[in-house]
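Commentary on secondary and tertiary structure
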Amino acid sequence: RVPYNIIPINIGRGDQFKRRFLEISPNNKMPAMVDSKGPSGKPVSLFESGAILIYLADKYEKFLPRTIRKRYEVLQWLMFQMGTVGPMLGQAHHFNAYAPERIEREKIQYGIDRYVNESNRVYGVMDRRLQEAEWIAAGEYTIADMAIMPWLRNPDKQGVDISRYPNVERWRDQIWQRPQVL
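This text gives an overview of the structure that appears in the document. Please read these numbers as outputs of a predicted model, since none were measured by experiment. Residue positions are given per chain, counting from 1 as you read along its sequence in written order. With pLDDT at 70 or above as the cut-off, local features in this predicted model cover only qualifying residues; side-chain atom pairs require 80 or more to be listed or tallied, and sums for whole chains, interfaces and linings still use all residues. Note that the side-chain values use all heavy atoms of the structure and ignore hydrogens as well as water.

Throughout, exposure labels follow a simple rule: accessible area from a 1.4 Å probe, protein chains only, divided by the maximum for the residue type, with under 20% read as buried, over 50% as exposed, and the rest as partly exposed. In this description a helix means any DSSP run of H or I spanning at least four residues, a strand means any run of E spanning at least two, and both kinds are numbered starting from the N terminus. Every second residue of strand β1 (residues 32–35) is oriented toward a common face, the buried set being M33 and D35 and the non-buried set A32 and V34. Where β1 lies against strand β2 (residues 44–47), four bridges are found, and the strand directions are antiparallel. Its bridge partner being in β2, M33 is matched across the sheet by L46. A strand pair is defined by DSSP finding two or more bridges across the two strands.

Right, here's the structure in full:
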């Protein structure tokens, strides 16, 4: 187990725009971290979940294979999360549940249709992959699984019926069973 401290950032108060946080995360977004025992014993700060996952996997030599073929299999699926899963499912979630026009009972139908369709396409990509594999990459639980799974917590808010994707549902539920997953 790796010790860590959580320092809350209150986005309601705008803490993410304060100089101290921007020094760690210039994009003013979470997650961000500081490793006080970074390379050569010097502190290092990181932002963006993908960079943080790669750093921690390398530092602790876990969840990212060392062999080139398997390593890049994991990294391509991590990039899939960063470039496709997060942006597309996040937009679907927004237009289906939180867009101001939606709240005022006026749907933004184009946005809803666009991102619901794309979300279902993305779930299909993952379902086909998981039809042939227990984990998303490299035949083991990796940072790619860690990065993708949280986006699948509320498929209904993304306009997705997860029962249409049984391999994704199995995989997601298997990850939920891990004691480290909250």
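So that's the structure; there's more coming.
The next subject is the environment of E48. The topology assignment puts E48 in the loop between β2 and α2 (49–60). A relative accessible area of 38% places E48 in the partly exposed class. The sequence separation of E48 and M30 amounts to 18 residues, and the corresponding C-alpha distance is 7.2 Å. Should any heavy atoms of two residues lie within 4.5 Å, those residues are considered in contact. Among residues more than four places away in sequence, those in contact with E48 are N27 and P31.

Mapped onto the elements, D173 comes out in helix α7 (residues 166–176). On the basis of relative accessible area, D173 is assigned to the partly exposed category, the value being 31%. Residues D173 and V74, 99 residues apart in the sequence, show an inter-C-alpha distance of 20 Å. Of the polar contacts made by the side chain of D173, one reaches the side chain of R172; its length is 3.2 Å. As used in this structure description, the phrase polar contact means that two N or O atoms lie within 3.5 Å; if the pair is within protein, one of them must be able to donate a hydrogen and the other to accept it, and residues adjacent in sequence are counted only when both atoms belong to side chains.

With omega at 5°, the peptide bond leading from M30 into P31 counts as cis. Relative to the elements of secondary structure, P31 occurs in the loop between α1 (19–24) and β1. Of note, E61 is a non-glycine position whose phi angle comes to about 50°, a positive value. On the secondary structure map, E61 appears in the loop between α2 and α3 (68–98). Its identity as a non-glycine residue notwithstanding, A138 has a phi of 65°, on the positive side. Its location among the elements puts A138 in the loop between α5 (109–131) and α6 (143–148).

Let us now look at α2. What a helix should span is 1.5 Å times the count of its residues minus one. In a regular helix each residue adds 1.5 Å, so 12 residues correspond to 16 Å; α2 covers 16 Å between its end C-alpha atoms and thus fits that length. Of all the positions in α2, only G50, I52, L53, Y55 and A57 are classed as buried. Looking at the buried residues of α2, the elements they touch are β1, β2, α3 and α6. Downstream of α2 by one or two residues, E61 has phi in the positive range, about 50°.

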